[in-house]
Each structure stands twice: as C-alpha cells, then as structure tokens.
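A closer look at the structure
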Amino acid sequence: MNWQTFISSQLQLRKQNSTWRQRTRVDLSSARFIQVAGKDYLNFSGNDYLGLSQHPKIIEAWQKGADKYGVGSGGSGHVTGFTQAHEDLENALADWLGYPRALLFISGFAANQAIITALMSRGDRILADKLCHASILEASMLSDADLRRFSHNNVPSLQKLLLNEVAGKTLVVTEGVFSMDGDNAPLDALQNTAKLHNAWLMVDDAHGIGVIGREGRGSCDHYGIHPELLVVTFGKAFGVSGAAVLCDELTADYLIQAARHLIYSTSMPPAQANALSASLTQIRQANTARTQLTHNINYFRQNINQGDGLKLASSNTAIQPLIVGDNAKSLQLSHFLRQQGVWVQAIRPPTVPPNSARLRITLSAAHQQQDIDRLLEALHDFSTP
Ligand SMILES: *Cc1c(COP(=O)(O)O)cnc(C)c1O
C-alpha cells in the first residue's frame, strides 16, 4: 500500500463512522466561559473544576518565577533543570499528601508512561481497570509486562485475575475518578485485594486531586488509602499543567535512575513550578469553592430531565456524562447546544467504548445557577423539539 492510499483510506473511514476529530481554535477560555470565533459560550467542557486557571495569585507566581528564572528550565532535571522552585513544589506535594517523596513530570501522560515502563518488565503483569485512561493502557503496551484488564470497578473480576500466580511483580492500576464516566473507583476494596496478593496499587487521580478529600487531597484521602504509587496531575483542578508521582524514598530514587521521561526530556519551566506551588496553596484553602462545586453538581443532577434516550451516568463528581450512544447523534446534540450558547464536547469511541458516545458535561465551582439553568433548558429543548 502506498502512503496516499493509507492516509486517505484512514481519513475516509473516520468520516464514515463519525469519529473524525478536529481541533477548535479557541480565543479565550476560563472555567465559566469559552470564546470561539468571537462568540462567547458557557463552558461545560473544561477540567478547571475550581476556576484556578485564571487565579491572579497563580498568574502572579508564574510571572515572578519567569522574572527570576527566565522562561525555560534549560534541560532535564538530571542536567540543569532542577531548581529550588521544583524542589519546593515536590516537598510541598509530598508533605500535603503524606508521602516521603514526590517527583515532577511534564504531564500526566508522561508520568504514567515513565512509571509503568520503568517499573514493569518481562514476566511482570499489569492489571488495569477496563476504563483506564489511554496513557495507562499505552504505557502498559509499551512495557514488556503482560497487560490484563479487569471489568470496570469490579473487585471480583480483579480477584479472579490475581488468583493466577505469576513469577514476576504485579501492579494493579486504576483511577480515582474516571475521566469519561465521572464515577469513583472502590479504592479501599481494591487496595485490600492488591495487598492480599502482594501486588502494588497505582492510582491515577487526575480528576480527584484538588476536588475531593480533606483540603482537596483527592480520592485516596477520601477512601483512607495509601497506594504505593499515586499520580496527580495539574492540568485539571490545579488549573495549570504537569504531574507528579508520590511514592516512597527507594521508589523515587529508582525512578530517577530509570524513568526515561525524567532523564531525556526537558523539565517543566521553574516559573511553572512556582505557579503550581501557588496553586497548591489555593487548593488547600478552597473549601468554599469545593462546597460550591458540590452544590452545582447536585443542582444539575436534581434538575435534569432525562427524556428521549439521553441517559445521565451515575456520577457524583464534576464529570456528568450524558450517554447518547450513537456517534452522529452525540455530534448533533453538541452542535445544537452550541447554537444555544452552551459549549459541551461530544466524546466518541475509541475514547469511550463502542455505542457509548456521550456529552461529557463538566461542572465547575465557577458556574452560577443561571448558567446551569441555561444548560438544562438547552438539553430540554433538544429532547422536545
Ligand atoms: C488528563 C488525564 C491524564 C493525562 O494528564 P495530562 O497532564 O493532561 O497529560 C492522565 N490520566 C487521566 C485519568 C487523565 O484524565
């Protein structure tokens, strides 16, 4: 097959089954609004759950960091890219979350890849929830370990896999809050099950950190567990970007030796680490915002009218997916909402399982009741033309 045939047939396929993806050029976005092509919409597609992406103190911390350090870190952390700003952030994260060590990564995607590929090798096995994020599955496939997936949030399904003993190490991987479904993993039961079989537990809490638990410490704090590996990301509630893994001393030392994303990649700018420390300070104090977010979630769930084949998933978090099923219909609904001034992204396979295309509605503490009312009205108008 030649190049032209390959590329055009792939594109054709995606157009045919409504899985064509495209980017939208955004003028400006915040937790509450998004401006596209000069027009303002209510934003129900972001992950800025506490509205921190525009927080003046965090912006100021980034600016001060840039004044002090310049804009780039100049190298990987192993060369010149590990500054006081990075170290302070790592220490603050470790202290906040109750771990001996934290290591920073440029993104959650990189963190998951680095950790899994560094720790898991031939003869080992990775047992991951079926709905784990693409970065976890990708990392598992890249590693030489055996990957098995257990049914979503299903502890007996995990137990069954664990009954097959293997010679190597076992890593159980799940998310605190699932990114496309918004439901919580039964972390206490998963931790107990993993421990019984001498497996380590890795929790990716991209959507729980900052939002739930005491002072926003996330899903593990909420469930009272302490996984061997906790991944937190900073592109969601932290309002910035980047990630960290929390672990013990020896594991951190090992990752510094073995994690290729730390060794061969430029570290985050020191100014960004400075901004993240300021974001962490805000998160710890954000009880009012967290209460407002909970209020918004409850208000949305209590007032939605589930008619006409639209099914609200059972989620108590800021992620409130409306399952549509059909790809084309999910796009139609998304376009309809846009005409009503409401921005909600349709999520289609392969990001979600086949026939479960959905609108991934996300709520933020920055939304006001009138915003949610407008979203509810627009959804209602679509179902009752
Ligand atoms: C967003 C997300 C990631 C990736 O994090 P980035 O920092 O955006 O690369 C990883 N895991 C989960 C569950 C996510 O939702």
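Residues numbered from 1 in each chain as written. Predicted model: local features only at pLDDT ≥ 70, side-chain atom pairs only at ≥ 80, totals over all residues. Heavy atoms only, no water.

Within an unreviewed UniProt entry, the label attached to the chain reads 8-amino-7-oxononanoate synthase, and the organism entered is Providencia sneebia DSM 19967. In its Catalytic activity (unreviewed entry) section, UniProt records this for the chain: "6-carboxyhexanoyl-[ACP] + L-alanine + H(+) = (8S)-8-amino-7-oxononanoate + holo-[ACP] + CO2". (UniProt positions renumbered as here; feature names shortened; annotations may be inferred.)

In this structure the tally under the stated criterion is 5 aromatic pairs. Between Trp-96 and Phe-238, the ring centres sit 6.2 Å apart and the planes meet at 75°, which makes this aromatic pair edge-to-face. Pair noted here: Trp-96 is in helix 3 (residues 84-97) and Phe-238 is in the loop between strand 9 (229-233) and strand 10 (243-247), with a separation of 142 residues, a long-range link. Each member of the pair Trp-96 and Phe-238 is classed as buried. (Phe/Tyr/Trp six-rings, centres within 6.5 Å; stacked < 30°, edge-to-face > 60°. Helix = DSSP H or I, 4+ residues; strand = E, 2+ residues; numbered from the N terminus. Buried < 20%, exposed > 50% of the residue type's maximum accessible area, 1.4 Å probe, protein only.)

Attention shifts here to unusual backbone geometry. Apart from glycine, the bulk of residues carry a negative phi angle, and the bulk of peptide bonds sit in the trans form. Look at the link from Pro-349 to Pro-350: it is a cis peptide, with omega at 5°. Within the fold, Pro-350 resides in the loop between strand 14 (346-347) and strand 15 (357-362). Phi at Asn-153 takes a positive value of approximately 55°, unusual for a residue other than glycine. In this structure, Asn-153 sits in the loop between strand 6 (146-150) and helix 6 (155-163).

Another aspect to go through is the sheet that holds strand 13 (residues 342-343). What the 4 strands build is an open sheet, ordered 1-2-3-13; its pairing is mixed. Only two strands of the sheet have a single partner each, and these edge strands are strand 1 (26-29) and strand 13. Note: strand 2 (residues 33-36) against strand 3 (residues 39-43), 4 bridges, orientation antiparallel. Within strand 3, the residue paired with Phe-33 across the bridge is Leu-42. (Pairing = 2+ DSSP bridges.)

UniProt records the feature "modified residue: N6-(pyridoxal phosphate)lysine" (unreviewed entry) at Lys-236, using the numbering of this structure. With respect to the secondary-structure elements, Lys-236 resides in the loop between strand 9 and strand 10. Each residue touching Lys-236, except ones within four places of it in the same chain, is listed here: Asn-47, Asp-48, Tyr-49, Ala-206 and His-207. (Contact = heavy atoms within 4.5 Å.)

This part is about the site of the ligand. Neighbouring the ligand are 13 residues; Gly-108, Phe-109, Asp-204, His-207 and Lys-236 lie closest to it. Between the ligand and the protein, one listed contact pairs a nitrogen atom with a side-chain N or O atom of Asp-204 at 2.5 Å. Note that an oxygen atom of the ligand is positioned 2.6 Å from one of the side-chain N or O atoms of His-207. The element contributing the most residues to the shell around the ligand is helix 4 (residues 108-119), with 3 residues. When grouped by side-chain class, the residues that make up the shell around the ligand number 2 nonpolar, 8 polar and 3 charged. (Near = heavy atom within 4 Å. Polar contact = N/O pair within 3.5 Å; in protein donor to acceptor, adjacent residues only side chain to side chain. Nonpolar A, V, L, I, M, F, W, Y, C, P; charged D, E, K, R; others polar.)

When the domains of the chain are assigned, the result is domain 1 (22-50 + 287-383) and domain 2 (56-285). Of note, the centres of domain 1 and domain 2, computed from C-alpha atoms alone, are 27 Å apart. Facing 20 residues of domain 1, the contacting portion of domain 2 comprises 20 residues. Taking both partners together, domain 1 and domain 2 bury about 1400 Å²; carbon and sulfur atoms supply 58% of that area. Of all residues in domain 1, Tyr-49, Arg-290 and Thr-317 bury the most surface against domain 2, accounting for 32% of the area lost on that side. The interface formed by domain 1 and domain 2 contains 1 salt bridge. Here Asp-181 and Arg-358 are joined by a salt bridge, their closest N and O atoms 3.2 Å apart. On the surface where domain 1 and domain 2 come into contact, there are 10 residue pairs in polar contact (both at pLDDT 80 or more). (Domains from an automatic or database assignment. Buried area = accessible area lost by both parts, 1.4 Å probe. Salt bridge = Lys/Arg side-chain N within 4 Å of Asp/Glu carboxyl O.)

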